[in-house]
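# Breakdown of the fold
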Amino acid sequence: MTDVTIRRALLSVSDKTGLVELGQDLAARGVELVSTGGTAKALRDAGLAVMDISELTGFPEMMDGRVKTLHPKVHGGLLAVRDNAEHVAAMTEHAIGAIDLVVVNLYPFEATVAKGAERDEIIENIDIGGPSMVRSAAKNHAFVAIVTDPADYARLRAEMAEKNGATSLAFRRQLAARAYAATAAYDGMISQWFACADQGETFPEMLAVNGRRVTELRYGENPHQQAALYTPIGPRIRGIAQASQVQGKELSYNNYADADAAFELAAEFRGQAPAVVIVKHANPCGVAQASSLLDAWKGALACDDVSAFGGIVAVNVPLDGPTAEAICEIFTEVVVAPDADDAARAAFARKKNLRLLLTGELPDPRRAGLAVKPITGGLLVQTRDNGAITADDLKVVTRRAPTEQELKDCLFAWTVARHVKSNAIVYAKDGVTAGIGAGQMNRRDSSRIAAMKAAEAAAKFGWAQSRTVGSAVASDAFFPFADGLLAAAEAGASAIIQPGGSIRDDEVIAAADAAGLAMVFTGMRHFRH
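Residues numbered from 1 in each chain as written. Predicted model: local features only at pLDDT ≥ 70, side-chain atom pairs only at ≥ 80, totals over all residues. Heavy atoms only, no water.

The next subject is the sheet that holds strand β3 (residues 32-35). The strand order across the open sheet built from 5 strands is β4-β3-β2-β5-β6, with neighbouring strands paired in parallel fashion. The strands lining the two open edges of the sheet, one partner per strand, are β4 (51-52) and β6 (145-147). Taken together, the 3 bridges between strand β5 (residues 101-105) and β6 define a ladder with parallel strand orientation. Considered in β6, the bridge of L101 is made with A145. The strands that helix α1 (residues 19-28) touches are β2 (8-13), β3 and β5; relative to β2, the one it contacts most, it runs at about 170°. Most of the contacts of helix α8 (residues 129-139) go to β5, to which it runs at about 145°, and overall it touches β2, β5 and β6. (Pairing = 2+ DSSP bridges. Helix = DSSP H or I, 4+ residues; strand = E, 2+ residues; numbered from the N terminus. Contact = heavy atoms within 4.5 Å. Axes fitted to C-alpha atoms, helices over the stretch in contact; angles between N-to-C directions.)

Below, the discussion takes up the environment of L357. Turning to its location among the elements, L357 is positioned in strand β15 (residues 355-358). On the basis of relative accessible area, L357 is assigned to the buried category, the value being 2%. With 160 residues separating them in the primary sequence, L357 and L517 have C-alpha atoms 42 Å apart. Among all residues touching L357, those that are not within four sequence positions of it are I240, A243, S244, Q245, L251, V334, V335, V336 and A337. (Buried < 20%, exposed > 50% of the residue type's maximum accessible area, 1.4 Å probe, protein only.)

Next up on the list: the packing of helix α9 (residues 153-162) against helix α10 (residues 169-198). Relative placement of two packed helices is described by the angle separating their axes and the distance separating the axes. In the contact formed by α9 and α10, the axes pass within 12 Å of each other and the chain directions differ by 165°. In terms of their interaxial angle, α9 and α10 are classed as roughly antiparallel. When the axes of α9 and α10 are compared, the crossing they make is left-handed. Contacts between α9 and α10 pair R155, L156 and E159 from the former with F171, Q174 and R178 from the latter. Among the residues making up the contact of α9 with α10, the classes are represented as 2 nonpolar, 1 polar and 3 charged. (Parallel < 35°, antiparallel > 145°, perpendicular 65-115°, else oblique. Left-handed = near helix turned anticlockwise from the far one by under 90°. Nonpolar A, V, L, I, M, F, W, Y, C, P; charged D, E, K, R; others polar.)

Further remarks concern the pattern of salt bridges. Tallied over the entire structure, the rule returns 28 salt bridges. Notably, a salt bridge pairs R8 with E32, separated by 2.9 Å at the nearest N-O pair. On the criterion of sequence distance, the pair formed by R8 in strand β2 and E32 in strand β3 is long-range, its members being 24 residues apart. The buried category is assigned to R8, whose relative accessible area is 14%. Judged by relative accessible area, E32 falls into the partly exposed class, the value being 30%. E216 is the salt-bridge partner of R213, the closest N and O atoms lying 3.8 Å from each other. In the salt-bridge network here, residues are joined through shared partners; they are D149, D152, R155 and R178. (Salt bridge = Lys/Arg side-chain N within 4 Å of Asp/Glu carboxyl O.)

On the secondary structure map, G165 appears in the loop between α9 and β7 (166-167). Sequence separation of G165 and I6 is 159 residues, and the distance between their C-alpha atoms is 6.1 Å. Other than its neighbours up to four places away in sequence, G165 contacts V4, T5, I6, R29 and M160.

Glancing now at the packing of aromatic side chains. Enumeration over the complete set of coordinates arrives at 6 aromatic pairs. Arranged with centres 5.8 Å apart and planes meeting at 35°, the rings of F269 and F412 form a pair that is tilted. Residue F269 is found in the loop between α11 (253-267) and β11 (275-280), and its partner F412 is found in helix α16 (residues 404-417); the two are separated by 143 residues along the sequence. The same class applies to F269 as to F412, namely buried. Both rings, one in F461 and one in W463, keep their centres 5.4 Å apart while their planes meet at 20°; by these two values the pair is stacked. Overall, F461 belongs to the partly exposed group, its relative accessible area being 38%. (Phe/Tyr/Trp six-rings, centres within 6.5 Å; stacked < 30°, edge-to-face > 60°.)

What follows deals with the pairing of β3. Two strands pair when backbone bridges link them, and β2 and β3 are joined in this way by 4 bridges, in the parallel orientation. Residue L10 lies in a different strand from β3, and its bridge partner there is V34. The parallel pair β2 and β3, bridged by α1, forms a crossover whose chirality is right-handed. In this sheet, β4 lies alongside β3 in parallel orientation, the contact comprising 2 bridges. Residue S35 lies in a different strand from β4, and its bridge partner there is D52. At this point the chain moves from β3, through helix α2 (residues 37-45), to the parallel β4, and the crossover so formed is right-handed. (Right-handed = clockwise from strand over helix to strand, strands pointing away.)

Before going further, it helps to spend a moment on a nonpolar patch on the surface. A contiguous nonpolar surface patch, about 540 Å² in accessible area, is contributed by F203, L207, V209, L370, V372 and L379. With respect to the secondary-structure elements, V209 resides in the loop between α10 and β8 (211-216). The class of V209 is exposed, set by a relative accessible area of 58%. (Patch = residues over 30% accessible without salt bridge, like charges linked within 9 Å, V, L, I, M, F, W, Y side chains within 5 Å. Areas by Shrake-Rupley, 256 points an atom, 1.4 Å probe, with all protein chains shown as cover.)

Quick look at the structure:
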């Protein structure tokens, strides 16, 4: 059997969007409508004839609606194999009528949790009958069409119009796949709520990772790879995936990854003075804070204007016209901001390929959550690196304590370093990165690369000396030897911030004292792989 004419439909939805229009279309085709509770009322209020589920089953809805569709006359009508003589005989013997279409969307568990409801209300919003009907109908898709999303109503109506009131097997198979995905995601949300929110487990025995596809991307990290963007099903924050794209070409896989890296670092400065972050290949190449966004842009760009070409820019405050005009002077792939004024939008509009993303807000950088990384044969799961330190957490380990300005520079450099791929070294002075060394196999080379970039900038812009002179240096992990610290001292740094904890800490401290450096330990490491 391929096409099945729809003669009886069972409708039971929590989301009433498009319900009446669908009901009217079905009724106009002579389809008998069977429904429950509020769904039946909405259809009747629209003037449609509806059979109550209790009339179909011969049992009333009971136990506050917990029991209404869990009945053989419902599931028999859904599960019967209609070209199986024994099934047909059982339907006849027990007066079970076939159900050709099920339209169900489930109790709003996700929304109930999101609004902060009490436990009892959350439990009551765990749907039982709905998923049971969805699974029964989807299993028997050879004969039954199952629709779980109001967005598919138009497809259903178009299918029935083309098939003269019937549905094709190919269409029902598509709907069945979507139905099982819906119940899997629904049960996944419930299982994770029970394990994490209700039972307080960080790493539940069974981890459900659910996502809804937003779009397929042109390709992945490389052109021979396929890629898509998904957003989580369940509690979420507003981030790059939810940003509004005002203009520009379609975002690529790498655009999303780099924009997220820039956005996460910009969020470190939420509620603070204007800050600009420039990222290239997921690493910051310039970061600055200033009294104006334009000055912050100039400071960030000067750190490494070569790497900034074709980069990603993120800011922590709404974009203004002068800053947008300055950004447009170099080739920029993506700009991310909470908002942008009319002058900024007009400036970017002249760069038709530049993608402008507006997020509306910045996430809390200290928020909780899990990070998931696939490896061969498994997943590595860890809590987000949301650790933070303040000036009060620092331990001065050298004879000389940092000055007030050095301390500010240390903390700024440390904030940036936690977003740089390991091994990470960041020089900073007066709220501006002077040089960044990322992803090297040893810390000494990261120090030297960062100093080299700073020296190149000084030569290019005609500064009297490199900005590393008198700067603070942050290291994402301890110095295992004194060589990395000495490389920073050779570049003119005057203060060091690092986690400490090496078996050679005494040697490194002695080298710092000999060089006249101030050094503080954080006691916290920030590897980023």
